[in-house]
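# A look at the structure
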Protein chains: 2
Amino acid sequence: MNVGILGTGMVGRAIAARLVELGHSVMIGTRDPASTLARTETDRMGNVPFGDWLKQNAGVRLGAFAEAAAHGEIVVNATSGSASLAALEAAGAENLSGKIIVDIANPLEASQGMPPMLSVSNTDSLGEQIQRAFPESKVVKTLNTVNASVMAYPQRLANGDHTVFVSGNDADAKATVSELLRSFGWQDIIDLGDITSARAAEMYLPLWLRLFGTFGTPFVSIRVVR
Amino acid sequence: MNVGILGTGMVGRAIAARLVELGHSVMIGTRDPASTLARTETDRMGNVPFGDWLKQNAGVRLGAFAEAAAHGEIVVNATSGSASLAALEAAGAENLSGKIIVDIANPLEASQGMPPMLSVSNTDSLGEQIQRAFPESKVVKTLNTVNASVMAYPQRLANGDHTVFVSGNDADAKATVSELLRSFGWQDIIDLGDITSARAAEMYLPLWLRLFGTFGTPFVSIRVVR
């Protein structure tokens, strides 16, 4: 499958590498590819410069947001939450129309210190904002509840015995995304409902951030017991 | 131990019965005991009239909010979130001073339909509101992430293999409450941090409500894997 991924950070990289490993054709999109490739410093999250990463992941191509979106039958939003709507606008509604947008981002903002808070919550969510902005696309919120490494390789934590959620208005889109998640190794995939249920998945983040703080590792997740 | 419980609903009843079973001395507080005892109808949650329940739970006493708070070395807030601050005001700061307030309530409000939303979140929490209103008390937020039956008998779900959280500013208070939780059967008790971490526990509620809706049962909880 052709997949476009918006965002060159650790989430975009982790998903891209995993998709290539599983045989998919992946283009990562960024605002300005030349500028992204010109970076020579490790970013504040400890990621090596993107150009170095790209050399080690030769199966992945880099393009502008619009090129990556055009490439994808599915488009993954792996940008930071505060940049997501602008990145998708740059990708272009015409390149997203009729397609699944897998929204992994969290609307975190750290202007008031750590842990970050949510810039939207309770009565709305980033997933809903994206669905409203791109009504011709099928937004599926998922994977935002775990760190990048665990997203791509759920078995790296508790032998994969934990839960991932999907939210979205389109049942077929959720089924397609769930199949992709199973190919990553996810075993327990819970459909929370329509895209308004993205509020629930995003509002879990403050708990995840506290658990991260308590245990000192981002390798933390939840298993829903019922 | 003497425990005062504010609230005559299913949460207050479940905690009261469990505490009596474990040998504690329990008084439940309500706004107007005569009025509470005069009720003859099953409430909208399906609970039998309180007077009937009290006959079956002879070890529990009923009093006004202030009497129950005065009785307790520990006071449990088991009122609905929208009524909590008023109930605690009625209980009286003088009856709560120096004591642990175990805050189980969730600030849910359903004025915009179901599932309910939070009336406070992200930048504040009910736990913090209570702590600010009663600075001489030690608020510990806990148990708000599961239903009443599971609170009191965690082993009724997944053999108790799931997680409960505590948040609060006072380490000794959290230790005392954790001991009580262990006596209920809780095995995995995670200290999320100071009372600001009550935001995280309360903001989990929208996810719990969606899981309730998805599975059609309130017997749902999470196990933190790490």
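What this report covers is the structure whose coordinates are included nearby. (Residues numbered from 1 in each chain as written. Chains lettered and ligands numbered in written order. Predicted model: local features only at pLDDT ≥ 70, side-chain atom pairs only at ≥ 80, totals over all residues. Heavy atoms only, no water.)

### Comments concerning the overall build of chain A
Broken down by element type, chain A carries 11 helices and 11 strands. Taking 2.2 N^0.38 as the reference for a compact globule, 226 residues should give roughly 17 Å; the C-alpha atoms of chain A span a radius of gyration of 16 Å, in line with that estimate. C-alpha extents for chain A along the principal axes are approximately 45 × 40 × 35 Å. Counting across all 226 residues of chain A, residues that qualify as buried make up 59%. Restricting the contact set of chain A to residue pairs at least 6 apart, pairs at least 24 apart contribute 73%. (Helix = DSSP H or I, 4+ residues; strand = E, 2+ residues; numbered from the N terminus. Rg over C-alpha atoms; globule rule 2.2 N^0.38 Å. Buried < 20%, exposed > 50% of the residue type's maximum accessible area, 1.4 Å probe, protein only. Contact = heavy atoms within 4.5 Å.)

### Points about helix α11 (residues 205-215) of chain B
Buried residues of α11(B): Leu205(B), Pro206(B), Leu207(B), Trp208(B), Leu209(B), Arg210(B) and Leu211(B), and no others. Two residues or fewer after α11(B) comes Gly216(B), characterised by a positive phi angle close to 70°.

### Here we look at the relation of the copies chain A and chain B
When chain A is fitted onto chain B, the two copies agree to an RMSD of 0.0 Å after a turn of 180° and an axial shift of 0.0 Å. Taken together, the rotation and translation relating the two chain copies correspond to the operation of a two-fold axis. A share of 100% of the interface residues of chain A reappears at the interface of chain B, consistent with the copies meeting face to face through the same patch. (Least-squares fit on C-alpha atoms with pLDDT ≥ 70 in both.)

### Examining the side chain of Ser197(B)
Note that Ser197(B) resides in the loop between β10 (188-193) and α10 (198-203). Of note is the side chain of Ser197(B), whose polar atom sits 2.6 Å from the backbone oxygen of Asp194(B). Leave out the neighbours within four places in its chain, and Ser197(B) touches Arg210(A), Ser167(B) and Leu192(B). (Polar contact = N/O pair within 3.5 Å; in protein donor to acceptor, adjacent residues only side chain to side chain.)

### Comments concerning the packing of helix α1 (residues 10-21) of chain B against helix α9 (residues 171-184) of chain B
All names here are of chain B. Where α1 meets α9, the closest approach of the two axes is 11 Å, and the angle between their N-to-C directions is 80°. Between α1 and α9, the crossing angle belongs to the class labelled roughly perpendicular. In contact with Ile15, Arg18 and Leu19 of α1, α9 contributes Leu180, Ser183 and Phe184. (Axes fitted to C-alpha atoms, helices over the stretch in contact; angles between N-to-C directions. Parallel < 35°, antiparallel > 145°, perpendicular 65-115°, else oblique.)

### Re the interface of chain A and chain B
Interfaces are often sized by the amount of accessible area the parts lose when they come together. Listed by partner, the interface residues are 34 residues for chain A and 34 residues for chain B. Overall, the association of chain A and chain B removes approximately 2900 Å² of surface from exposure, summing both partners, and the carbon and sulfur fraction of that is 66%. Linking chain A with chain B are 2 salt bridges. Where Asp161(B) meets Arg223(A), a salt bridge forms, and the shortest distance between an N and an O atom there is 3.6 Å. Along the contact surface separating chain A from chain B lie 9 residue pairs in polar contact (both at pLDDT 80 or more). Looking at the side of chain A that touches chain B, the elements that each hand over two or more residues are β7 (117-118), β10 (188-193), α10 (198-203), α11 (205-215) and β11 (221-225) of chain A. Counted by class, the side of chain A that touches chain B contains 19 nonpolar, 8 polar and 7 charged residues. Of the pairings in the sheet, the one linking β11(A) to strand β11 (residues 221-225) of chain B comprises 5 bridges and is antiparallel in character. Counted as the bridge partner of Ser221(A) is Val225(B) from β11(B). (Buried area = accessible area lost by both parts, 1.4 Å probe. Salt bridge = Lys/Arg side-chain N within 4 Å of Asp/Glu carboxyl O. Nonpolar A, V, L, I, M, F, W, Y, C, P; charged D, E, K, R; others polar. Pairing = 2+ DSSP bridges.)

### A look at the pattern of salt bridges
Think of it this way: side chains of opposite charge can pair up when their charged atoms draw near. Following the criterion strictly, the structure yields 18 salt bridges over all chains and no others. Residues Arg18(B) and Glu21(B) are paired through a salt bridge, measuring 2.7 Å at the closest nitrogen-oxygen approach. Taken as a pair, Arg18(B) and Glu21(B) lie in helix α1 at a separation of 3 residues, close to a single helical turn. One salt-bridge network, in which partners are shared between bridges, spans Asp161(A), Arg223(A), Asp161(B) and Arg223(B).

### Examining the sheet that holds strand β2 (residues 25-30) of chain A
Residue and element names in this part refer to chain A. Spatial strand order, β3-β2-β1-β4-β5-β8-β9-β10: 8 strands in an open sheet with mixed pairing. Edge strands, defined here as strands with exactly one partner in the open sheet, are β3 (60-64) and β10. Taken pair by pair, the neighbouring strands of this sheet meet at an average axis angle of 25°, ignoring direction. Bridging between strand β4 (residues 74-77) and strand β5 (residues 100-103) involves 4 bridges; their strand directions are parallel. Within β5, the residue paired with Val75 across the bridge is Ile101. Helix α5 (residues 84-91) contacts β1 (2-6), β4 and β5 of the sheet and is inclined by roughly 135° relative to β1. Together, β4, β5 and β8 (138-142) form the strand contacts of helix α7 (residues 126-133), whose direction differs from that of β8 by roughly 170°.

### Observations concerning the side chain of Asn77(A)
Residue and element names in this part refer to chain A. When you line up the elements, Asn77 lands in strand β4. A polar contact of 3.0 Å, which involves the side chain of Asn77, links it to the side chain of Ser84. What Asn77 contacts, discounting residues up to four positions off in sequence, is Leu6, Ser84, Leu88, Ile101, Val102, Asp103, Ile104, Ala105 and Ile130.

### Here's the deal with the pairing of strand β2 (residues 25-30) of chain B
Residues and elements named next belong to chain B. The buried count for β2 comes to 5 of 6 residues, which makes it a mostly enclosed element. Inspection of the sheet shows strand β1 (residues 2-6) paired to β2 by 5 bridges, in the parallel sense. Counterpart to Asn2 in the pairing with β2 is Ser25. Assessed by its sense of winding, the connection that carries the chain from β1 through α1 to β2 is right-handed. With 5 bridges joining them, β2 and strand β3 (residues 60-64) adopt parallel strand pairing. Across the sheet, residue Gly29 finds its bridge partner in β3, namely Gly63. (Right-handed = clockwise from strand over helix to strand, strands pointing away.)

### Side note on the packing of aromatic side chains
Residues and elements named next belong to chain A. Tallied over the full model, the rule gives 4 aromatic pairs over all chains. Ring geometry for Phe50 versus Trp53: centroids 5.3 Å apart, planes at 35°, classification tilted. Here Trp53 and Phe50 lie together in helix α3 (residues 50-56), a separation of 3 residues that amounts to about one turn. Trp53 sits in the buried class, given a relative accessible area of 10%. It is Arg156 that lies over the ring of Tyr153; its NZ or CZ is 4.0 Å from the centre. (Phe/Tyr/Trp six-rings, centres within 6.5 Å; stacked < 30°, edge-to-face > 60°. Lys NZ or Arg CZ within 6 Å of the ring centre and 35° of its normal.)

### As for the pairing of β10(A)
All names here are of chain A. Relative to β10, strand β9 (residues 163-168) runs parallel, the two being bridged by 5 bridges. Directly across from Thr163, in β10, lies its bridge partner Asp188. Crossover connection from β9 via helix α9 (residues 171-184) to parallel β10: handedness right-handed.

These figures come from the coordinates and say nothing about function on their own.
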